[in-house]
Amino acid sequence: MSTRRRRRYFQGKRLVFLLIFILSWHTLPARGEPLAGVLFSPNTNFTQCSDATIFNVSTVERIYDTVTNAYDLSINATTGIAVTELNPELTVYSTARTEVILGFQTVYNELQALCPDIANGCPVNENKTVQLRKSFVLPGTGLPFADIITRYTAYPSTGNGSAWACVAFAPIGYLNPVWQKVFLYLSISFTVFAALVSLISCFATVSNTDHDLLLLTSNYCMLPAALRLRTPGFFDIIYYCQFVVVSGLLTLDYPRFYPLFTSIFSWSFLLVPADWIQNDIVDAIFSKWVPTSDEQGVNVVGTGMNVFSQAVDISVNGFFITALLYFALIVTAATCLCGALCAGVALLSRVSPFRFGGQFRKVGNFTIGTYTFPLF
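Cut-off values and rules
Residues numbered from 1 in each chain as written. Predicted model: local features only at pLDDT ≥ 70, side-chain atom pairs only at ≥ 80, totals over all residues. Heavy atoms only, no water. Helix = DSSP H or I, 4+ residues; strand = E, 2+ residues; numbered from the N terminus. Buried < 20%, exposed > 50% of the residue type's maximum accessible area, 1.4 Å probe, protein only. Disulfide = S-S within 2.5 Å. pLDDT = per-residue confidence, 0-100. Contact = heavy atoms within 4.5 Å. Pairing = 2+ DSSP bridges. Polar contact = N/O pair within 3.5 Å; in protein donor to acceptor, adjacent residues only side chain to side chain.

1. A short note on the environment of isoleucine 75
Right, on to step 1. Along the chain, isoleucine 75 turns up in strand 3 (residues 70-79).
Right, on to step 2. A relative accessible area of 0% means that isoleucine 75 is categorised as buried.

Below, the structure written as structure tokens:
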């Protein structure tokens, strides 16, 4: 290799490494940022990082609104020390810091007075219950999905810089609404495109003598000659989407955003949320069922199915009923289609019996194949 070629080669490598560094710069965690490494205990939604003898946390709550990016947190605890707004020398204020990490980047870091966050204000007496509330709005982001981790730390005016309360909240899954629509429309578009390719290939690659309506409709709209195509078919895409959904139903320690991502493909299982199904049918059925002492209810709290049901906005009890109702709608639509086709052929056979009189056999094959299509 000549000297000029070597120089160009190394210059090209430098440009590639520089480009990779620039693209990954905004995704690197901040130096000295310990919040992303917080471990959360099983079955809890927070970790206390302060001394429990001076601030004993009982319950916490956090709510995130994906539409307005509003974040509300609440902490209920018992304090072991008294907290005032100012120290006796009137030189130090009680302060509170709120930190929020979205993905690997700190998007919110604010230090302000503590007393406005206390429900009953200052002062706080020793050995009393206290409630801390905080509401703020997170800045917008272009990330498609990420986890939101929050830590709230309070410093009393008499604490000499040590924390009075420190609570790290368990992650909340975040799915960008714009990217959610992109993933949804993209998956449906691929499915529709695969269906069109499969249907067109049946008539473009097969001779007219091989066309059989019974074989066409009962074999997923693909004749044997068209099955030799290498492109994924209509049901191949649906199977891919169903695999994504099934993986999200597993009880594994996924990132919190993953169930939100898998819920995008719930349409492949006919799990499309509808208020009339949940309110008028599911609630009406299960509200009348009261388990006896001999029956054991199904506890799904903390399982992957329960998390997925929250992400898709369908109760666990409504999974089967929702899929069954949509399946019934598909069968009803197929029945109406076959009925309209039979009525049309009967009408045409009366108008022109020599031309359309022998079409009832094809209509029968189409009807049988159409019912075989959704059932199997």
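2. Observations regarding unusual backbone geometry
Trans peptide bonds make up the majority, and among non-glycine residues the majority have a negative phi.
Right, on to step 1. Put simply, cysteine 122 and proline 123 share a cis peptide bond, and its omega is 5 degrees.
Right, on to step 2. Summarising the element assignment, proline 123 is placed in the loop between strand 5 (105-113) and strand 6 (129-137).
Right, on to step 3. In this structure, asparagine 127 is a non-glycine residue whose phi angle is positive, near 60 degrees.
Right, on to step 4. Take asparagine 127: it is sitting in the loop between strand 5 and strand 6.

3. Description of the state of the cysteines
Right, on to step 1. What the rule picks out here adds up to two disulfides.
Right, on to step 2. The side chain of cysteine 49 participates in a disulfide bridge whose partner is cysteine 166; the two sulfur atoms lie 1.9 Å from each other. In this structure the cystine formed by cysteine 49 and cysteine 166 twists about its S-S bond by roughly -80 degrees; its chirality is therefore left-handed. With cysteine 49 in the loop between strand 1 (46-48) and strand 2 (55-65) and cysteine 166 in strand 8 (residues 165-175), the pair connects residues that are 117 residues apart, well separated along the chain.
Right, on to step 3. Look at cysteine 49 and you get partly exposed, because its relative accessible area is 42%.
Right, on to step 4. Taking the relative accessible area as the measure of exposure, cysteine 166 reaches 7% and is therefore buried.

4. Details of the confidence of the model for the chain
Should the pLDDT be low somewhere, the predicted coordinates at that spot are not to be read in detail.
Right, on to step 1. Residues with a pLDDT of 70 or more make up 70% of the chain, whose mean pLDDT is 76.
Right, on to step 2. The low-confidence segment residues 15-43, where pLDDT is below 50, has 26 contacts with residues more than four positions distant or belonging to other chains.
Right, on to step 3. Segment residues 371-376 is flagged for pLDDT under 50; beyond a separation of four residues in sequence, or across chains, it makes eleven contacts in the model.

5. Examining the pairing of strand 3
Both faces of the sheet carry side chains from a regular strand, because those side chains alternate between them.
Right, on to step 1. Taken across its ten residues, strand 3 has seven buried, putting it largely inside the fold.
Right, on to step 2. In textbook terms, the turn of a hairpin is the stretch between consecutive antiparallel strands, and for strand 2 and strand 3 this stretch comprises four residues, one of which, asparagine 69, has a positive phi near 60 degrees.
Right, on to step 3. As paired strands, strand 3 and strand 6 are joined by nine bridges and run antiparallel to one another. For serine 74, the partnering residue across the bridge sits in strand 6 and is arginine 133.

6. Examining the side chain of serine 94
Right, on to step 1. Tracing the backbone shows serine 94 in the loop between strand 3 and strand 4 (95-102).
Right, on to step 2. Given a relative accessible area of 2%, serine 94 falls into the buried group.
Right, on to step 3. Looking at serine 94, its side chain comes within polar contact range of the main-chain oxygen of threonine 84, at 2.5 Å.
Right, on to step 4. In this structure, serine 94 is in contact with Val83, Thr84, Glu85, Gln112, Ala113, Leu114, Tyr155, Pro156 and Ser157, ignoring residues within four places of it in sequence.

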